[in-house]
Every structure is written in C-alpha cells, then in structure tokens.
Amino acid sequence: MGLEKTLVLLKPCTVNRGLIGEIIGIFEKKGLRIAGMKMMQLDDAILEEHYAHLVGRPFFPGLKRSMMATPVVALALEGVDAIEVVRQMAGPTNGRKALPGTIRGDYSVSGQQNIVHASDGPETAKAELARFFKPEEILEYSLCTMGSLYASDEY
Ligand code: IDP
Ligand code: MG
C-alpha cells in the first residue's frame, strides 16, 4: 500500500473517437490524481522502446502505425496502489474479452484499438513515466479531497 504513480496513454483510437474527456473523467471519478498530462506525437523510436516486448511480432508494424495515427494523451496518475487499480480499470488487452465495467470492456471491440495503455508493474511504471514525462512535468500538489478519498491510515 502507498501512493504510487502510473502511466496511462490515451491511444489514437480514443482521440479519433472523441473519447479523451470521457476516459479522463473515468480516472478522475475514481479518485486518481492527475499528476501530469500532455499530448504528444509518438514516433518509431519511442514505440520500439515502449513496446520492446512486441517488436518481433507480426502485428508490430500495424500496432506502431496505429499508435502514430494521431497524437496520444499521456497521463501520470497517482493514487494508493494506482498501478494495479488502473490495470484493473483498463481490463484485459482484448476489448472483446474484457468485462463490461472495464474501460476496454465498455469502449473497445478490438485486440489492438483498446483505448488505453496502462503500466503493468512498479518497474515498468517508473521506466514509462520517465519515457513520456520530464521530471518537471510531473506535479506534486495534493488534492484537498484526500480525506474523502481515503481513510487517514490508507495513504
Ligand atoms: P497490454 O496493453 O494489455 O499491456 P500488451 O501485451 O503489452 O498488452 O500489448 C501492448 C499492445 O499491443 C496492446 O494494448 C494492443 O494494442 C497491442 N496488441 C497486443 N497483442 C496484439 C495482437 O495480437 N494483435 C494486435 N495488437 C496487439
Ligand atoms: Mg503491456
């Protein structure tokens, strides 16, 4: 337990479908703090690093194209256990398998065009936040609602 930060990318499918505000709103309503937020155009280099575990896969060129189709919105989200909380909110990779109630389950019918990227563990969260944000772009303010979001011994 403890406050953690995690990286979310709103993918180009989300930008194209006009869902930026709606998806950010889901994270806000959950009670996560937006510590960083920006739009950026991804390129080959950053995607080959970000999806290094998929570079050899046959779908990688298509995945890369889809991730460069428009800018993405990068979010640094903070909360207690935020890495796991956000992964659970995203749901499984394939939107057809993801349960209703998850972001992918509610907004995606695709194994690729699946609305969000979310860091999958503490090491990846750290590396991915550093990949997409300069240190000064992650802002350390505190929400005045903390006492309504958590019990005092939870954070
Ligand atoms: P994750 O996003 O749920 O962590 P990963 O396995 O890390 O899933 O894959 C990264 C992204 O690559 C997925 O979100 C999806 O957009 C894409 N992807 C994964 N597997 C496939 C596939 O079999 N076909 C097409 N795209 C895929
Ligand atoms: Mg992944």
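Just so it is clear, the model here is predicted, and its values are computed rather than measured.

(A) Main features of helix α2 (residues 20-30). If you check which residues of α2 are buried, you get I23, I24, G25 and F27. Following α2 by one or two positions, G31 adopts a phi angle in the positive range, close to 110°.

(B) Focus on the nonpolar core. Counting 21 residues, the largest nonpolar core has I23, F27 and V116 as the members making the most contacts within it. In terms of residues, this core owes the most to one element, helix α5 (residues 82-90), which gives four residues. If near-sequence neighbours (up to four positions away) are discounted, V116 is found in contact with V8, L9, L10, K11, I23, F27, A90, I103 and R104. Listed in part, the 19 residues of the second largest apolar core include A35, I46, V72 and L129.

(C) Looking closely at the sheet that holds strand β1 (residues 3-10). Taking strand neighbours across the sheet as the criterion, the four strands line up as β2-β3-β1-β4 in an open arrangement whose pairing is antiparallel. The outermost strands of the open sheet, each flanked by one partner alone, are β2 (33-40) and β4 (116-118). The average angle at which neighbouring strand axes cross in this sheet is 20°, direction not considered. Pairing geometry for β2 and strand β3 (residues 72-80), over seven bridges, is antiparallel. Along β3, the bridge assignment pairs R33 with E78. Those strands touched by α5 are β1, β3 and β4, and its axis lies near 35° from that of β1. Together, β1, β2, β3 and β4 form the strand contacts of helix α7 (residues 122-132), whose direction differs from that of β1 by roughly 55°.

(D) Quick peek at the site of ligand 1. Close to ligand 1 lie K11, Y51, H53, L54, F59, L63, R87, T93, R104, G111, Q112 and N114, which account for all nearby residues. Here an oxygen atom of ligand 1 and a side-chain polar atom of H53 are 2.9 Å apart. With respect to ligand 1, the side chain of R87 contributes an N or O atom lying 2.9 Å from an oxygen atom. Protein contact buries 77% of the 530 Å² of open area that ligand 1 shows by itself.

(E) Looking closely at the pairing of β3. The buried fraction of β3 amounts to nine of the nine residues, a majority that puts the element mostly inside the structure. Sheet topology note: the β1/β3 ladder contains eight bridges and is antiparallel. What sits directly across from T6, in β3, is L77.

(F) Expanded view of α5. Every buried residue of α5 is listed here: A82, I83, V86, M89 and A90. End-on view of α5: buried residues confined to an arc of 130°, all on one side of the axis. In this structure, α5 carries E84 and Q88 as exposed residues pointing more than 90 degrees from its buried face. Structurally, α5 contributes buried residues whose contacts are with β1, α2, β3, α6 (103-107), β4 and α7.

(G) How the structure looks around the pattern of salt bridges. This model, assessed by the stated rule, comprises eight salt bridges. Residues K5 and E140 are paired through a salt bridge, measuring 2.9 Å at the closest nitrogen-oxygen approach. In this pair, K5 is assigned in strand β1 and E140 in the loop between α7 and α8 (146-149), connecting sequence segments 135 residues apart. Residue classification places K5 among the partly exposed positions, given a relative accessible area of 22%. Salt bridges sharing common partners tie together K5, R33, E78 and E140.

Criteria and cut-off values
Counting starts from 1 at the beginning of each chain's written sequence and moves along it residue by residue. Here chains are named by letter from A upward and ligands by number from 1 upward, in the order in which they appear as written. pLDDT decides what is reported in this predicted model: residues at 70 or higher carry local features, side-chain atom pairs at 80 or more are listed and counted, and totals for whole chains, interfaces and linings draw on all residues regardless. Excluded from the side-chain calculation are hydrogens and water; included are all heavy atoms of the structure. Three exposure classes are used, based on accessible area relative to the maximum for each residue type with a 1.4 Å probe and protein chains only: buried under 20%, partly exposed in between, and exposed over 50%. Numbering of helices and strands runs from the N terminus, with a helix taken as a DSSP run of H or I at least four residues long and a strand as a DSSP run of E at least two residues long. Definition of nonpolar core: a set of buried residues of the types Ala, Val, Leu, Ile, Met, Phe, Trp, Tyr and Cys, connected through side-chain atoms within 4.5 Å. A contact between two residues is defined here by any heavy atoms of the two lying within 4.5 Å. One bridge is not enough; two strands pair if DSSP finds at least two bridges between them. Axis definition: a line fitted to C-alpha atoms, over the contacting stretch in the case of helices. Angles run 0 to 180 degrees between N-to-C directions. For this description, a residue counts as near a given molecule or strand if any of its non-hydrogen atoms is within 4 Å of it. Side-chain atoms alone can form a polar contact between residues adjacent in sequence; in general such a contact is a pair of N or O atoms within 3.5 Å, and within protein one must be able to donate a hydrogen while the other accepts it. The Shrake-Rupley method, run with a 1.4 Å probe sphere, supplies the accessible areas, and residue values consider only the shown protein chains as cover. To obtain the arc, one takes the directions from the helix axis to the C-beta atoms. The term salt bridge refers to a pairing of a side-chain nitrogen on Lys or Arg with a carboxyl oxygen on Asp or Glu at a separation within 4 Å.

In short, shape yes, function no, at least from these values alone.
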